[in-house]
Amino acid sequence: ITIRWNGNPYYDQDLHRGVDFDSLMRTVAPYNLPIVSLQIDGNKTDHEGIINADIQSWEDTLAIQHLAQLNITSCTSTAHSASAIGAKTVVLPPIATYYPWIHLREDNSSHWYGPDTKAFPQTKHKDWSGPLDKLKQHMDTIL
């Protein structure tokens, strides 16, 4: 699986869209799948068990996303790239989100990207427990 828990720290809204790393790891680690970090720009991790992808281009990102069983990301460009190529994707948008993640289908899929992209938005500011619980439920059904 791939993960990206926050985006560009210089983006105005990045403060609100970053998912708590430790909480995300508690959610995905029990599945015992290889975890590839798509973090760039000095946001890489030294967490044991995570492979930091050596991303040099968008082609690298797309190739990794295409090969992954599941791509998990906060509301970043990687959500759009994985979704655009039809890769299985879960987006964890913040409560103050924008148009692709506002009006979702009943199954939490995106009208913009189709059934392989699910979005589990925050319902309470700074609280990722709800979206991460939904992520776990989703992973239980597809993995």
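Described in the following lines is the structure provided in the data block. (Residues numbered from 1 in each chain as written. Predicted model: local features only at pLDDT ≥ 70, side-chain atom pairs only at ≥ 80, totals over all residues. Heavy atoms only, no water.)

Some details on the sheet that holds strand β4 (residues 71–74)
- If you walk across this open sheet you meet the seven strands as β3-β2-β1-β4-β5-β7-β6, and the pairing is mixed. At either margin of the open sheet sits one strand with a lone partner, and together these are β3 (50–52) and β6 (109–110).
- Judged from the three bridges that link them, strand β2 (residues 35–37) and β3 form a sheet pairing that is parallel. Following the sheet pairing, Ile35 is matched in β3 by Ile50.
- Contacts between helix α2 (residues 21–28) and the sheet are confined to β1 (2–4), β2, β3, β4 and β5 (89–92), with β1 contributing the most and set at about 160 degrees to the helix. (Pairing = 2+ DSSP bridges. Helix = DSSP H or I, 4+ residues; strand = E, 2+ residues; numbered from the N terminus. Contact = heavy atoms within 4.5 Å. Axes fitted to C-alpha atoms, helices over the stretch in contact; angles between N-to-C directions.)

Considering α2
- Within α2, six of the eight residues are buried, which leaves the element mostly enclosed by the surrounding structure.
- Summarising the contacts, the buried residues of α2 are in contact with β1, β2, β3, β4, β5 and α5 (129–142). (Buried < 20%, exposed > 50% of the residue type's maximum accessible area, 1.4 Å probe, protein only.)

As for the side chain of Thr2
- With respect to the secondary-structure elements, Thr2 resides in strand β1.
- Given a relative accessible area of 2%, Thr2 falls into the buried group.
- A distance of 2.6 Å separates a polar atom in the side chain of Thr2 from a polar atom in the side chain of Asn71.
- The residues contacting Thr2, other than those within four sequence positions of it, are Val36, Leu38, Ile64, Ala68, Leu70, Asn71 and Ile72. (Polar contact = N/O pair within 3.5 Å; in protein donor to acceptor, adjacent residues only side chain to side chain.)

Things to note about the packing of aromatic side chains
- Per the stated rule, a full pass over the model turns up two aromatic pairs.
- Relative to Phe21, the ring of Trp5 lies with its centre 4.6 Å away and its plane at 55 degrees, an arrangement referred to as tilted. Of this pair, Trp5 sits in the loop between β1 and α1 (14–17) while Phe21 sits in helix α2; the two residues are 16 residues apart in sequence, bridging distant segments of the chain. This pair shows no difference in class: Trp5 is buried, exactly as Phe21 is. (Phe/Tyr/Trp six-rings, centres within 6.5 Å; stacked < 30°, edge-to-face > 60°.)

Let's talk about unusual backbone geometry
- For Asn32, which is not glycine, the phi torsion reads 55 degrees and is therefore positive.
- If you trace the backbone, Asn32 turns up in the loop between α2 and β2.
- Despite not being glycine, Lys126 has its phi angle at roughly 65 degrees, a positive value.
- With respect to the element layout, Lys126 can be found in the loop between β7 (114–119) and α5.
- With a relative accessible area of 71%, Lys126 lands in the exposed category.

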